[in-house]
Amino acid sequence: QVQLVESGGGSVQAGGSLRLSCAYSGDTISSYLMGWFRQAPGEEREGVAAIFIRSGSTYYADSVKGRFTISHDSAKNTVYLQMNSLKPEDTAMYYCAADPSLWVGEWSRSSKYRSWGQGTQVTVST
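This report concerns the structure included in the present document. Note that this is a predicted model, so its numbers are computed, not measured. (Residues numbered from 1 in each chain as written. Predicted model: local features only at pLDDT ≥ 70, side-chain atom pairs only at ≥ 80, totals over all residues. Heavy atoms only, no water.)

**Regarding the environment of S55**
No. 1: Here S55 shows up in the loop between β5 (46-52) and β6 (58-60).
No. 2: Once the C-alpha coordinates of S55 and S85 are considered, the two residues, 30 residues apart in sequence, prove to be 27 Å apart. (Helix = DSSP H or I, 4+ residues; strand = E, 2+ residues; numbered from the N terminus.)

Okay, here's the thing in structure tokens:
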């Protein structure tokens, strides 16, 4: 079982940038799918981005393509989500998730992930 801790959230004006970090421990993630999800109050949890560690392949929700980038730094045991050109609709609690056996086609299905972090709040103001 892998443990995940998110950080890097905060408040930013529209058009600004933030970088979220997901530090992992407790297991090797060489074959894991690592994902970022977000959830606004009263809304469904939404898949934002994912990375298949073994291949480096990345996946994004249409709403964030071209603005967000997911990456992995094995030396720092960390997965990042770089968020640029932020919009008010990006405001949400952001969660890191990990699973050892998901098909890449399932990356956006939150119920399939075994491990979750505690979340970090992102607020984008106009």
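Now that the structure is up, let's keep going.
**Section: the nonpolar core**
No. 1: By size, the foremost hydrophobic cluster in this structure holds 30 residues, and its most contacted members are M34, W36, L81, M83 and Y94.
No. 2: Membership of the second largest hydrophobic core comes to 7 residues, among which are A50, A97, L102 and Y113. (Core = buried A, V, L, I, M, F, W, Y, C linked by side-chain atoms within 4.5 Å. Buried < 20%, exposed > 50% of the residue type's maximum accessible area, 1.4 Å probe, protein only.)

**What about the pattern of salt bridges?**
No. 1: Applying the stated criterion across every chain yields a total of 5 salt bridges.
No. 2: The salt bridge involving D90 is made with R38; its shortest N-O contact spans 2.9 Å. Of this pair, D90 sits in the loop between β8 (78-83) and β9 (92-99) while R38 sits in strand β4 (residues 33-39); the two residues are 52 residues apart in sequence, bridging distant segments of the chain.
No. 3: Ionic pairing is found between R114 and D99, a salt bridge with its closest N-O pair at 3.8 Å. Of the two residues, R114 is situated in the loop between β9 and β10 (115-116) and D99 in strand β9; the sequence distance between them amounts to 15 residues.
No. 4: Exposure remark for D99: the relative accessible area of 2% places this residue in the buried category.
No. 5: Salt bridges sharing partners connect three or more residues here, namely R38, E46, R67 and D90. (Salt bridge = Lys/Arg side-chain N within 4 Å of Asp/Glu carboxyl O.)

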